[in-house]
Amino acid sequence: MMAAVEVRGLRKVYGEVRAVDGLDLTVDEGEVEALLGPNGAGKTTTVEVLEGYRAPDSGSVEVLGFDPQTGGRAFRDRIGIVLQEAGFEDTFTPRELVRLHAGYYPHPRAVAEVLTLTGLDEKADARVRTLSGGQRRRLDLALGIVGDPELLFLDEPTNGLDPASREEMLSLIADLRARRGCSVVLSTHLLAD
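We now turn to the structure provided with this report. These numbers were taken from a predicted model, which means no experiment stands behind them.

**Observations regarding the sheet that holds strand β6 (residues 151-155)**
The strand order across the open sheet formed by four strands is β3-β7-β6-β5, and the pairing between neighbours is parallel. Each edge of the open sheet carries a strand with a single partner, namely β3 (32-36) and β5 (79-82). Shown here is a sheet whose adjacent strand axes are inclined to one another by a mean of 15 degrees, direction ignored. In this sheet, strand β7 (residues 183-188) lies alongside β3 in parallel orientation, the contact comprising five bridges.

Structural data, given as structure tokens:
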């Protein structure tokens, strides 16, 4: 089995602050890995390095066989990213946004399938401004999986959700892994995630 993520000795420093100091991490294909720690522990910095948004100061990073800094479109087409909080134009509908984002990928999932997987069928044609917090979080996830990623990055996926919505989100993540073999790296400060 190939590793989806292979990190050795990762360091990232901002002035006097060592955000990440010598991290070793392996995430196997089809595995869900949580980066757990309090705010300021370096979770988001680590994920941003894995996504290619930040360059490491030292260490080696390989994600799906690519250096995230130089992998380009071939790398980005194989990952999905769900930010802690995404901003949406609130006059769009979930169907419109998923269709728009599907156009960014060479082999996207069907829009209807994504809406069903994320439990947005009944709200597919509602304006984003009318969605609850949990429904907006599902929309975040829908946009992260529409490209049919091999590896999904989730930044605080249950942040701000009520207990029922939190359980639904964790169930969706488990379903992605089980049905698609998708590897998942999530960052959280909640031990229960």
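**A word on the pairing of strand β1 (residues 3-14)**
Where β1 meets strand β2 (residues 17-28), nine bridges bridge the pair, whose relative direction is antiparallel. Opposite V13, over in β2, you have R18 as the bridge partner. Hairpin connection of β1 to β2: two residues between the antiparallel strands, including G15 at a positive phi of 60 degrees. Bridging between β1 and strand β4 (residues 58-63) involves five bridges; their strand directions are antiparallel. By the bridge assignment, R11 is partnered in β4 with S58.

**Concerning the packing of helix α3 (residues 94-102) against helix α5 (residues 133-145)**
As a packed pair, α3 and α5 sit with axes 9 Å apart at the nearest point and diverge in direction by 25 degrees. With respect to their mutual orientation, α3 and α5 come out roughly parallel. Both α3 and α5 take part in a crossing whose hand is right-handed. On α5, the residues touching P94, L97, V98 and H101 of α3 are L139, A142 and L143.

**Thoughts on the nonpolar core**
Judged by nonpolar contacts, the single largest core of 32 residues is most densely connected at V98, L139, L141, L152 and L154. Listed by contribution, the elements that provide at least two residues to this core are α3, α4 (111-117), α5, β6, α6 (163-180) and β7. Ignoring sequence-local partners within four residues, the contact set of L154 consists of V82, L141, I173, V184, V185, L186 and S187. Within the second largest apolar cluster, 20 residues are counted, among which are A4, F75, I79 and V185.

**Description of the side chain of S187**
Among the structural elements, S187 can be located in strand β7. By relative accessible area, which is 1% here, S187 ends up buried.

**Examining the sheet that holds β2**
Within the open sheet, the three strands sit side by side as β2-β1-β4. Their pairing is antiparallel. Bordering the open sheet on either side are β2 and β4, each of which pairs with just one other strand. Neighbour to neighbour, the strand axes of the sheet diverge by 15 degrees on average, direction disregarded. Where helix α1 (residues 43-51) meets the sheet, it contacts β1, β2 and β4, and its direction lies at approximately 120 degrees from that of β1.

**Description of the pattern of salt bridges**
The tally for this structure, following the rule as stated, stands at 13 salt bridges. Ionic pairing is found between R8 and E6, a salt bridge with its closest N-O pair at 2.5 Å. Relative accessible area serves as the criterion here: at 26%, E6 is assigned to the partly exposed category. One network of salt bridges, in which partners are shared, links R11, R18 and D21.

The rules we used
- Residues numbered from 1 in each chain as written.
- Predicted model: local features only at pLDDT ≥ 70, side-chain atom pairs only at ≥ 80, totals over all residues.
- Heavy atoms only, no water.
- Pairing = 2+ DSSP bridges.
- Helix = DSSP H or I, 4+ residues; strand = E, 2+ residues; numbered from the N terminus.
- Axes fitted to C-alpha atoms, helices over the stretch in contact; angles between N-to-C directions.
- Parallel < 35°, antiparallel > 145°, perpendicular 65-115°, else oblique.
- Left-handed = near helix turned anticlockwise from the far one by under 90°.
- Contact = heavy atoms within 4.5 Å.
- Core = buried A, V, L, I, M, F, W, Y, C linked by side-chain atoms within 4.5 Å.
- Buried < 20%, exposed > 50% of the residue type's maximum accessible area, 1.4 Å probe, protein only.
- Salt bridge = Lys/Arg side-chain N within 4 Å of Asp/Glu carboxyl O.

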